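Descriptive structure summary
These are the residues of each chain, in order.
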Amino acid sequence: RLNERIASRTRAMIEAGLLREVRALNERGYGPECKPMQAIGYRHVQVVADGADTLANAALAIERDTRQFARRQRTWIR
C-alpha cells in the first residue's frame with residue numbers, strides 16, 4: 001500500500017509542475033549546489049532540467065529513493 005501511495009504522490013508532484021518549479025528556481029540562481037535543491041524530487045528533476053535524463057527515469061528514481069527514505073524512517077521509529 002505504501003508503494004502505491006509513493007507512486008501516486010510522485011505522479012501528482014510531476015503533474016503539478018515540479019519540472020517547471022525546478023527550472024524557475026534555476027533561473028533565480030538556485031542550482032544543485034544549494035542544500036534544498038538536493039532534496040528528494042528536486043535533485044532527480046534537476047537532471048531532467050539539465051537535459052541529461054528523461055522525466056520517466058526521474059520519476060522512477062524519486063519513487064525508489066522515497067521508498068528507501070520511508071524504510072529508514074520505519075527503522076528509526078522502531
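Keep in mind that what you see is a predicted model, and the values were worked out from it rather than measured.

Structural notes on the pattern of salt bridges
- This model, assessed by the stated rule, comprises 2 salt bridges.
- A salt bridge links Arg 43 to Asp 65, with the shortest nitrogen-to-oxygen separation between them at 3.3 Å. Taken together, the positions of Arg 43 in helix H3 (residues 42-49) and Asp 65 in helix H4 (residues 55-77) put the pair 22 residues apart, joining distant regions of the chain.
- Overall, the relative accessible area of 36% leaves Arg 43 in the partly exposed class.
- A salt bridge links Asp 65 to Arg 64, with the shortest nitrogen-to-oxygen separation between them at 3.0 Å.
- The buried category is assigned to Asp 65, whose relative accessible area is 10%.

Some remarks on the side chain of Gln 46
- Along the polypeptide, Gln 46 turns up in helix H3.
- The class for Gln 46 is buried, based on a relative accessible area of 5%.
- With residues near it in sequence (within four places) discarded, Gln 46 still touches Val 22, Asn 26, Pro 32 and Met 37.

Thoughts on the environment of Leu 55
- Residue placement: Leu 55 occurs in helix H4.
- Each C-alpha atom, one on Leu 55 and one on Gln 68, is 20 Å from the other, the two residues being 13 residues apart in sequence.
- Beyond its immediate stretch of four places on either side in the chain, Leu 55 contacts Ile 14 and Val 48.

A look at the confidence of the model for the protein chain
- In this model, the protein chain carries a mean pLDDT of 95, and residues with pLDDT of at least 70 account for 100%.
- Looking across the protein chain, the model is least confident in H4, with a mean pLDDT of 95, and most confident in helix H2 (residues 18-27), with 97.

A look at the side chain of Thr 10
- Within the element layout of this structure, Thr 10 appears in helix H1 (residues 2-15).
- Using a relative accessible area of 3% as the deciding quantity, one classes Thr 10 as buried.
- Beyond its immediate stretch of four places on either side in the chain, Thr 10 contacts Ala 59, Ile 62 and Glu 63.

How each quantity is defined
Residues numbered from 1 in each chain as written. Predicted model: local features only at pLDDT ≥ 70, side-chain atom pairs only at ≥ 80, totals over all residues. Heavy atoms only, no water. Salt bridge = Lys/Arg side-chain N within 4 Å of Asp/Glu carboxyl O. Helix = DSSP H or I, 4+ residues; strand = E, 2+ residues; numbered from the N terminus. Buried < 20%, exposed > 50% of the residue type's maximum accessible area, 1.4 Å probe, protein only. Contact = heavy atoms within 4.5 Å. pLDDT = per-residue confidence, 0-100.

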